[in-house]
Amino acid sequence: GHYRVLKVLGRGGMGMVFLAEDTKLDRQVALKVLGLFAPELGERMVREARILARLEHPGIVPVHEVGTLPDGRLFYTMRLVHGSRLDRIVGSGAPLEDRLRAFERLCEAVAFAHAHGVIHRDLKPENVMVGAFGEVLVMDWGVAKVRAAPDGGAAPGVTRSRAAPPVADRPLSRDDDFTKGTAAAAPRAGEALPPRRGATAPGAVLGTPGYMAPEQARGDAAAADERSDVHALGAILWFLLSGRAPEASAGAPVAGRGDSTAIPPPLAAVCRKALAADPAERYVGARELADDVRRWLSGLPVAAHREGPLERVARLARRHRTALLLVGAYLVMRLLLGLLAGV
């Protein structure tokens with residue numbers, strides 16, 4: 001068609017990802033082609049493309065086209081992402097404020113998806129890209145869940161196409177990670193493919209160990225909701241602060257107290273609230289989590305942490321540091337002038 005293949009970006013048993021030129025619009029795109037025609041995988045590709053097509057947000061990579069080659073293989077094109085993965089940004093020694101600003105933008109994209117009835121279910125640093133100008137993009141929506149309304153219809157903000165084919169709600173394999181335009185990330189240990197079509201089978205584990213919520217680790221797909229993504233965001237925040245994933249406790253990741261000496265106590269409290277084993281004890285959504293991080297960056301108290309008198313004084317001193325420095329400089333100058341006048 002109107003795509004000219006330039007080079008291979010990644011390959012696997014299920015297909016290949018190419019860097020391609022869109023000759024109609026004179027732009028480069030990421031193009032994924034299924035290697036073998038498999039109806040279920042094809043339906044899965046179409047399903048993910050339709051989910052992404054609903055989520056028009058600067059932090060979510062747009063899909064350009066889904067089509068069929070003359071030999072029957074499906075292809076999928078989307079924006080070619082330039083940048084670095086979030087886990088590599090942390091390894092490069094980026095300042096804490098830059099990492100937290102990127103986390104805010106990540107939460108905004110996830111909150112937008114939640115508002116449109118879509119739950120990611122596999123948020124982790126490897127699935128977040130940071131561009132050269134600070135843009136943050138959420139990748140790999142292969143295990144995303146579309147939340148249904150109580151009447152069985154689409155969730156608010158979600159438009160369902162009558163032509164949408166039935167699909168199996170199961171995770172894609174490592175080789176089906178076609179949203180990045182790059183080689184796939186590390187394989188996801190613990191993933192299981194459910195035996196039946198149309199919904200996630202009971203006991204199927206969706207997500208990545210160390211980042212998925214306890215309800216996902218139990219295989220309770222019905223219990224996974226927006227707060228499951230909040231749990232993953234809390235684990236990502238802990239990673240941004242400490243450089244490693246949360247430690248495991250009783251089969252679920254938690255932000256431990258013993259290894260958080262270098263993390264500001266308010267931010268450690270934010271992580272623990274987001275990582276609570278009980279979904280009812282977490283933030284109700286990604287927006288509320290981002291608000292607490294934003295308050296810390298602005299020198300305001302966070303909702304998850306009850307600060308003591310000394311912490312309050314230190315926080316106010318940081319917030320008004322410039323004013324305090326000016327007053328201090330003024331007092332020093334007055335003192336010096338007074339001493340000179342006395343001489």
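Keep in mind the model is a prediction, meaning the values are calculated, not measured.

Attention shifts here to the pattern of salt bridges. Following the criterion strictly, the structure yields 12 salt bridges and no others. Asp22 is paired through a salt bridge with Arg27; the nearest N and O atoms lie 3.5 Å apart. Residue Arg227 is joined to Asp225 by a salt bridge in which the shortest nitrogen-to-oxygen separation is 2.9 Å. Overall, Arg227 belongs to the partly exposed group, its relative accessible area being 28%. Look at the salt bridges and you will find they share partners, linking Glu97, Arg101, Glu104, Glu108, Asp291 and Arg294 into a network.

Now for the side chain of Glu104. Structurally, the position occupied by Glu104 is in helix α3 (residues 96-115). Non-local contacts of Glu104, meaning those with residues more than four positions away in its chain, are made with Ala290, Val293, Arg294 and Leu297.

All right, on to the nonpolar core then. It is characteristic of soluble globular proteins that their nonpolar side chains tend to be buried jointly. Counting 64 residues, the largest nonpolar core has Phe103, Leu106, Trp141 and Leu233 as its most contacted members. Considering each element in turn, this core owes the most residues, 10 residues, to helix α5 (residues 226-242). Apart from residues lying up to four places away in sequence, Leu233 is in contact with Phe103, Leu106, Cys107, Val110, Leu123, Ala286 and Leu289.

All right, on to the confidence of the model for the protein chain then. Caution applies to low-pLDDT regions: their predicted coordinates should not be interpreted in detail. A residue-level look at the protein chain finds 73% of positions with pLDDT of 70 or above and a mean pLDDT of 77. Across residues 149-154, confidence stays below pLDDT 50; counting only partners more than four residues off in sequence or on other chains, it has seven contacts. Predicted confidence for residues 156-203 stays below pLDDT 50, and this span has 130 contacts to residues more than four positions away or in other chains.

This paragraph deals with unusual backbone geometry. Leaving glycine out, the prevailing phi sign among residues is negative, and the prevailing peptide bond configuration is trans. Within the chain, Asp26 stands out as a residue other than glycine whose phi angle is a positive 55°. Structurally, Asp26 can be placed in the loop between β2 (15-22) and β3 (27-34). In this structure, Asp140 takes a positive phi of about 55° despite not being glycine. Looking at where Asp140 falls in the secondary structure, it is placed in the loop between β9 (136-138) and β10 (145-146).

All right, on to the sheet that holds strand β6 (residues 84-85) then. Within the open sheet, the three strands sit side by side as β6-β8-β9. Their pairing is antiparallel. Looking along the sheet, the strands with just one partner apiece sit at the ends: β6 and β9. The sheet contact formed by β6 and strand β8 (residues 128-130) spans two bridges and is antiparallel. Bridge assignment links Arg85 to a residue of β8, and that residue is Met129. Relative to the sheet, α3 contacts β8 and β9, its axis offset from that of β9 by approximately 40°.

The subject of this paragraph is a nonpolar patch on the surface. Residues Val332, Met333, Leu335, Leu336 and Leu339 make up a contiguous nonpolar surface patch of about 490 Å² in total accessible area. One can find Leu335 in helix α9 (residues 321-342).

Below, the discussion takes up the packing of α5 against helix α6 (residues 265-274). Contact pair α5 / α6: the axes reach a minimum separation of 8 Å and the direction vectors enclose 150°. Our classification of the angle between α5 and α6 gives roughly antiparallel. In this structure, α5 meets α6 at a crossing whose hand is left-handed. Two secondary-structure elements touch here, α5 through Val230, His231, Gly234, Leu237, Trp238 and Leu241 and α6 through Leu267, Ala268, Val270, Cys271 and Ala274. Partitioned by chemical class, the residues of the contact of α5 with α6 number nine nonpolar, two polar and no charged.

Rules used throughout
Residues numbered from 1 in each chain as written. Predicted model: local features only at pLDDT ≥ 70, side-chain atom pairs only at ≥ 80, totals over all residues. Heavy atoms only, no water. Salt bridge = Lys/Arg side-chain N within 4 Å of Asp/Glu carboxyl O. Buried < 20%, exposed > 50% of the residue type's maximum accessible area, 1.4 Å probe, protein only. Helix = DSSP H or I, 4+ residues; strand = E, 2+ residues; numbered from the N terminus. Contact = heavy atoms within 4.5 Å. Core = buried A, V, L, I, M, F, W, Y, C linked by side-chain atoms within 4.5 Å. pLDDT = per-residue confidence, 0-100. Pairing = 2+ DSSP bridges. Axes fitted to C-alpha atoms, helices over the stretch in contact; angles between N-to-C directions. Patch = residues over 30% accessible without salt bridge, like charges linked within 9 Å, V, L, I, M, F, W, Y side chains within 5 Å. Areas by Shrake-Rupley, 256 points an atom, 1.4 Å probe, with all protein chains shown as cover. Parallel < 35°, antiparallel > 145°, perpendicular 65-115°, else oblique. Left-handed = near helix turned anticlockwise from the far one by under 90°. Nonpolar A, V, L, I, M, F, W, Y, C, P; charged D, E, K, R; others polar.

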